Amino acid sequence: MTTVYDVTTFSASVSPYTDIGTVINEIIADIKAQQTSQTTRPGAVIYIPPGHYDLRTRVVIDISYLQIKGSGHGFQSLAIRDESPTGGWADTLPGGSHIQMKNTDGTTTAFLVQRSGSPAIVGRINSVEFRDFVIDGVSASKPYLPGSGKVGISIQSDNDSIRIEGMGFVYLSTAMSVRGADAAWVTGNFVAECGTCLELTGASQVVRVSNNFLISAWAGASVFAENAEGLLVQGNTLVWHGSIRLVNSQRCAITGNKFVSSWAGMVILESGSGENLVAANQFTRVDTESSNDNGRDDLFGMIQISGSNNSVLSNHMSYNVAGPLRRPSGATPTLILVKSGDRNVINGNTLVANVAASVVLDASTTNTKVIYTTTAAQLQAFTASFAHVPMP
Amino acid sequence: MTTVYDVTTFSASVSPYTDIGTVINEIIADIKAQQTSQTTRPGAVIYIPPGHYDLRTRVVIDISYLQIKGSGHGFQSLAIRDESPTGGWADTLPGGSHIQMKNTDGTTTAFLVQRSGSPAIVGRINSVEFRDFVIDGVSASKPYLPGSGKVGISIQSDNDSIRIEGMGFVYLSTAMSVRGADAAWVTGNFVAECGTCLELTGASQVVRVSNNFLISAWAGASVFAENAEGLLVQGNTLVWHGSIRLVNSQRCAITGNKFVSSWAGMVILESGSGENLVAANQFTRVDTESSNDNGRDDLFGMIQISGSNNSVLSNHMSYNVAGPLRRPSGATPTLILVKSGDRNVINGNTLVANVAASVVLDASTTNTKVIYTTTAAQLQAFTASFAHVPMP
Amino acid sequence: MTTVYDVTTFSASVSPYTDIGTVINEIIADIKAQQTSQTTRPGAVIYIPPGHYDLRTRVVIDISYLQIKGSGHGFQSLAIRDESPTGGWADTLPGGSHIQMKNTDGTTTAFLVQRSGSPAIVGRINSVEFRDFVIDGVSASKPYLPGSGKVGISIQSDNDSIRIEGMGFVYLSTAMSVRGADAAWVTGNFVAECGTCLELTGASQVVRVSNNFLISAWAGASVFAENAEGLLVQGNTLVWHGSIRLVNSQRCAITGNKFVSSWAGMVILESGSGENLVAANQFTRVDTESSNDNGRDDLFGMIQISGSNNSVLSNHMSYNVAGPLRRPSGATPTLILVKSGDRNVINGNTLVANVAASVVLDASTTNTKVIYTTTAAQLQAFTASFAHVPMP
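Residues numbered from 1 in each chain as written. Chains lettered and ligands numbered in written order. Predicted model: local features only at pLDDT ≥ 70, side-chain atom pairs only at ≥ 80, totals over all residues. Heavy atoms only, no water.

If you check an unreviewed UniProt entry, chain A appears there as Right-handed parallel beta-helix repeat-containing protein from Microbacterium flavum.

Now the structure itself:
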């Protein structure tokens, strides 16, 4: 019994260059045909050598322990090439182990991980791994959301210890969408020219997002999570619309990241997100793209908090937006907005701006502590319930 | 001369499914038979395809530059499955490249790395690598220590630049035990349902522990180190009994981690550990499991320090334990205990608790600085030698 | 068409053990001969099995999407072995997939990545990857710079999303030199006994340097960057001459690293480097090697800043140098020197020293904030334009 497959040598009904989706589905069928009892299901590895592969049919993974692995994340900056007026580019496609989504199956997904079960947990899928290849949406228009609706990897039933590592994603509405993630692992990936890089829907437990490039456009987010517990977003580089949005999420940590964004809303803790830590990040806000809009003006805050007991500690925030590009015109930009909630702590951050800028505490907020982050003039409190230790 | 082996194709005396330990030992013997002079020892790679492999005989690695590599960390949460009253689980075993420890050789180790030499340094083993497979203790009872005594990887002679990456470990007393580590590298691993995840014994130099899931039970530790110099524990997720214990260890750094624990003692700096940094971590203390006990009550501290010149900076600590589960009953929980030592600094941390909670300075401590971490009421000093800047 | 090559089985004009450089160049020629149109260039993977390979001819990579991959970083500490008076060492060479630079081609480079184009961006090379092998300069004398001049990987034309991961580098003047890097990725490497580990020349954008061991000698740097924007140096261990030097670099982040150095100048922000963040690092300064000199005495500062709006937050700095080894003799060591610039912030750091030591603000500096980092006595301000909140 083999557990090692190669899409280019497996005897499939179609060439992998024509439809790698069908080939992988047939491999999965073969795995299931061979691994027939509950104690003989170690899964398998499917290798994708470097090449340009069309995907016409969605892959459906309903087994655990499947590793799909290529030999190269194959990213190139289509954005830079497309926007350059110069011809003569050597490369016009991504490369490496390169899957081009050309679905003719009526779906807009490359890989769907899903297994039914009742209750849901008995169908739980374990340790599926995606490594070292690139999923390319082929064509797309900014900001990609809703756009083509293409999703690179969609995981839609209970799952444990999924690993997405070393992958490339490009020109997708959503690169990765994971529902009900427990201990998922998203590390070392290159996501660019996508609407949303990663969304964690439903509820998640202790997911890890580390060491990635996450480059999202203005309509989506670098990382979106709802009802997350203990998410760690650590050591990533988040660019263009570098943004993390947590909805009703608790005890998460956003540390040691490098953010760049052309829009407000770089970290959003909303809908009662509490006890989260935002520490030791470098935030850089650059000129807003004048014709594009993520719906948030400069009063939104580079960081916005609606929830209690969150900590914003030891970050460096740089705001450098030309006057004509600030919104609303003439307003004082808000670097941190505490919109609602009790006992949030903003301590030991450095604010740098090319214009007078503020930390703002909205009227409903209580007991916010703002310590060595702003001068007296830089703090705008619409509440009397706060404490301030001004920057000397 | 080949340097690329596959356990399923090597001509061994036994099937790898019956005893992968013997197969790997015979491969190592073959490597040694072929690599006979001091300048012709590049080592080799041994590949373990996905499969369920029994290990009856301990592997003994006494050569450098051996990489043992699988295609999948194959973890599943046995705990969740075992504790669920629901039948019908699709998966009942881990998978991927899955080694099941069924030792019949009188040992309780899967992989022993050891080479003799006199002095010890001449036997030093370099750059052995374990990657992308899972070591399964098969059966075990909580809290796993002392339990079966099974150890996944045991490195017991001088070693340099060992790499353990992308592995799974499950149901072991101790997943990894390394003596005398120099520049070891433990990264990207999934360790769960183990007594202790990683122990660094003897003395170690600049070991790196990054980007791991480390899930230990209450009898052991996520990371234990004695006489460590310059250990970096960075960007990990430590769960269940998320705990790091450093004994007589100096100038280590614990940064950017996410901790969850049901017990006190999440970071313990003891026996004169000094000049260590604990920064930018999110600590979450949840309900103690009422029938289990790690020997530390709520007066022990989520962080406890016995040593000098340590720094606890910019962490977020959340304590949320139901009243009946606090120990001793009715006591005010201690979030940080400085038990002994001089000039420890606790600066810029956020404390959140569902009950009045304290930072405690014991009587023997001197010159502790507690800055913007507690209110006046939250600091209990049994010494007059300290400085306090209360949270406003 | 194959896209998977093995240096030991490819039909080359020379044995890979004699000249792996020629073999890889011939493989690249074969790739180019087969991938002839602009839309059929996925690149390829070249595998280097464990072995000792001589390189006599420089490899020139002028295609995108090439992954060169071995099976082991193969490091051993030549320094420790060479400096030990004890004979009988088991290992005297590095191992794994081991390339020994014995250039007879008049160059001193192992891998050159370069493609011409006009303007330069059209020649831009994408997603070349180096993984899991070791480049060995074979012989070298400390401090390796200028030394043999050997460079392991030299990338000299516009490039995007280059990945260098899991590599070993030893006995080189410069391990990695990258010009004009955009979104390069240097992670999980072991660099030791080198002059400079990584230099980013020209200008770079959002490069990532994470999770590495970087061990450089006193003449070079662990990381050198000029005109960098948004560089992230995160979670690394930097030893011996643990040093990061940024020249005219903006909005970079140095977080969560462990530094050890025998010399001053562990982080240098110079020539107008601004808005950079240095946070949550553990810095350890140990005895200077008496006969070696990096040109910086103890008045240089463990951290030195010449630029504005930089932040040094929540670091732990340990200075422990024996009196006779301090330079100039009898001087008070400087831990942080703000040499020039406006509005730098030094907040919430812990300083530990075995002698009276200072933070120094030079005469030209303005508006530096020094908060909870030094006592009154530990701050030496040669300017009146600063604010100080002394450690209580």
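Enquirer: Describe the overall build of chain A, with residues and values.
Expert: Counting its regular elements, chain A contains two helices and 42 strands. Here the C-alpha radius of gyration of chain A, 23 Å, is about what a compact globule of 392 residues would show, namely 21 Å. Expressed as lengths along the three principal axes of its C-alpha atoms, the size of chain A is roughly 70 × 55 × 30 Å. When the 392 residues of chain A are sorted by exposure, 68% land in the buried category. Considering only residue pairs separated by 6 or more positions, chain A has 59% of its internal contacts joining residues 24 or more positions apart. A distance of 3 Å separates the average location of the 25 positive side-chain charges in chain A from that of its 30 negative side-chain charges. (Helix = DSSP H or I, 4+ residues; strand = E, 2+ residues; numbered from the N terminus. Rg over C-alpha atoms; globule rule 2.2 N^0.38 Å. Buried < 20%, exposed > 50% of the residue type's maximum accessible area, 1.4 Å probe, protein only. Contact = heavy atoms within 4.5 Å. Lys, Arg positive; Asp, Glu negative; His and termini not counted. Charge placed at Lys NZ, Arg CZ, Asp CG, Glu CD.)

Enquirer: Quick one: what's the story with the sheet that holds strand β33 (residues 303–306) of chain B, residue by residue and with numbers?
Expert: Residue and element names in this part refer to chain B. Pairing in this open sheet of 12 strands is parallel, and the strands run β4-β7-β11-β15-β19-β23-β27-β30-β33-β36-β39-β41 from one edge to the other. Across the chains shown, the open sheet's two edge strands, defined by having one partner strand only, are β4 (59–61) and β41 (379–381). Each adjacent strand pair in this sheet contributes to an overall mean axis angle of 10°, direction not counted. Here four bridges tie β33 to strand β36 (residues 334–340), and the two strands are oriented parallel to one another. Along β36, the bridge assignment pairs Ser306 with Ser340. On top of the sheet, helix α1 (residues 16–34) reaches β4 and β7 (109–113); it is set at about 25° to β4, its chief contact. (Pairing = 2+ DSSP bridges. Axes fitted to C-alpha atoms, helices over the stretch in contact; angles between N-to-C directions.)

Enquirer: Residues and numbers for helix α1 (residues 16–34) of chain C, please.
Expert: Residue and element names in this part refer to chain C. Its 19 residues give α1 an end-to-end C-alpha distance of only 22 Å, which falls more than 12% under 27 Å, the value for a rise of 1.5 Å per residue. Roughly 45° is the biggest bend found in α1, and it falls at Thr22. Residues of α1 that are buried: Pro16, Asp19, Ile20, Gly21, Thr22, Val23, Ile24, Ile27, Ile28 and Ile31. The N-terminus of α1 is capped by Ser15, whose side-chain oxygen sits 3.0 Å from the backbone nitrogen of Tyr17. (Expected span 1.5 Å × (residues − 1). Bend = angle between axes of the 7 residues up to and from the residue. Polar contact = N/O pair within 3.5 Å; in protein donor to acceptor, adjacent residues only side chain to side chain.)

Enquirer: Quick one: what's the story with the relation of the copies chain A and chain C, residue by residue and with numbers?
Expert: Taken as rigid bodies, chain A and chain C are interconverted by a rotation of 120° and an axial shift of 0.0 Å, the fit giving an RMSD of 0.0 Å. Both chain copies can therefore be described as sitting about a three-fold axis. (Least-squares fit on C-alpha atoms with pLDDT ≥ 70 in both.)

Enquirer: I'd love a proper account of the pattern of salt bridges, names of residues and values included.
Expert: Pairing between side chains of opposite charge can happen when the charged atoms of each approach one another. Scanning all chains against the criterion turns up 48 salt bridges over all chains. Residue Asp91 of chain A pairs with Arg115 of chain C through a salt bridge whose shortest N-O separation is 2.8 Å. Of this pair, Asp91 of chain A sits in the loop between α2 (78–83) and β6 (97–101) while Arg115 of chain C sits in the loop between β7 (109–113) and β8 (125–126), placing the two residues on different chains. Classification of Asp91 of chain A by relative accessible area gives buried; the value is 4%. (Salt bridge = Lys/Arg side-chain N within 4 Å of Asp/Glu carboxyl O.)

Enquirer: Tell me about the relation of the copies chain B and chain A, residues and numbers included.
Expert: Take chain B, turn it by 120°, move it 0.0 Å along the axis, and it overlays chain A with an RMSD of 0.0 Å. Residue by residue, only 7% of the interface of chain B is reproduced at the interface of chain A, so the copies engage with different surfaces.

Enquirer: Which residues make up the interface of chain A and chain C, and what are the values?
Expert: On the side of chain C, 56 residues touch chain A, which itself brings 53 residues to the contact. The contact between chain A and chain C buries some 4,300 Å² in all, and 56% of this surface belongs to carbon and sulfur atoms. Between the two partners, chain A and chain C, sit two salt bridges. Inspection of the chain A/chain C interface yields 30 residue pairs in polar contact (both at pLDDT 80 or more). (Buried area = accessible area lost by both parts, 1.4 Å probe.)

Enquirer: Got a sec to walk through the state of the cysteines? Specific residues and values, please.
Expert: Residue and element names in this part refer to chain A. Across all of its chains, the model carries zero disulfides over all chains by this definition. The thiol of Cys197 is not disulfide-bonded; the next cysteine sulfur, from Cys194, is found 5.9 Å away. Judged by its relative accessible area of 0%, Cys197 is buried. (Disulfide = S-S within 2.5 Å.)

Enquirer: Lay out the interface of chain B and chain A with the relevant residues and their values.
Expert: Much of the literature gives interface size as the accessible area that the parts lose upon coming together. Facing 54 residues of chain B, the contacting portion of chain A comprises 56 residues. Its salt-bridge partner being Arg131 of chain A, residue Asp132 of chain B comes within 3.1 Å of it at the nearest N-O pair. At the boundary of chain B and chain A, one finds 29 residue pairs in polar contact (both at pLDDT 80 or more). When contributions to the side of chain B that touches chain A are tallied by element, the ones reaching two or more residues are β3 (51–55), β26 (237–240), β29 (258–261), β32 (282–285), β35 (316–319) and β38 (350–353) of chain B. Within the side of chain B that touches chain A, the residues separate by chemical class into 18 nonpolar, 33 polar and three charged. (Nonpolar A, V, L, I, M, F, W, Y, C, P; charged D, E, K, R; others polar.)

Enquirer: Would you mind going over the packing of aromatic side chains in detail, with residue names and values included?
Expert: For the structure shown, the criterion picks out 42 aromatic pairs over all chains. Between Trp185 of chain B and Phe213 of chain C, the ring centres sit 4.9 Å apart and the planes meet at 70°, which makes this aromatic pair edge-to-face. Of this pair, Trp185 of chain B sits in strand β17 (residues 185–187) while Phe213 of chain C sits in strand β20 (residues 213–216), on two different chains. Of the residues examined, Trp185 of chain B reaches a relative accessible area of 1% and is grouped as buried. The class for Phe213 of chain C is buried, based on a relative accessible area of 0%. Pairing Tyr5 of chain C with Phe10 of chain C gives two aromatic rings, centres 5.8 Å apart and planes at 65°, and the pair type is edge-to-face. Directly above the ring of Phe213 of chain B sits Arg208 of chain A, whose terminal nitrogen or CZ lies 5.6 Å from the centroid. When the ring centre of Trp185 of chain C is taken as reference, the NZ or CZ atom of Arg163 of chain C above it lies at 4.1 Å. (Phe/Tyr/Trp six-rings, centres within 6.5 Å; stacked < 30°, edge-to-face > 60°. Lys NZ or Arg CZ within 6 Å of the ring centre and 35° of its normal.)

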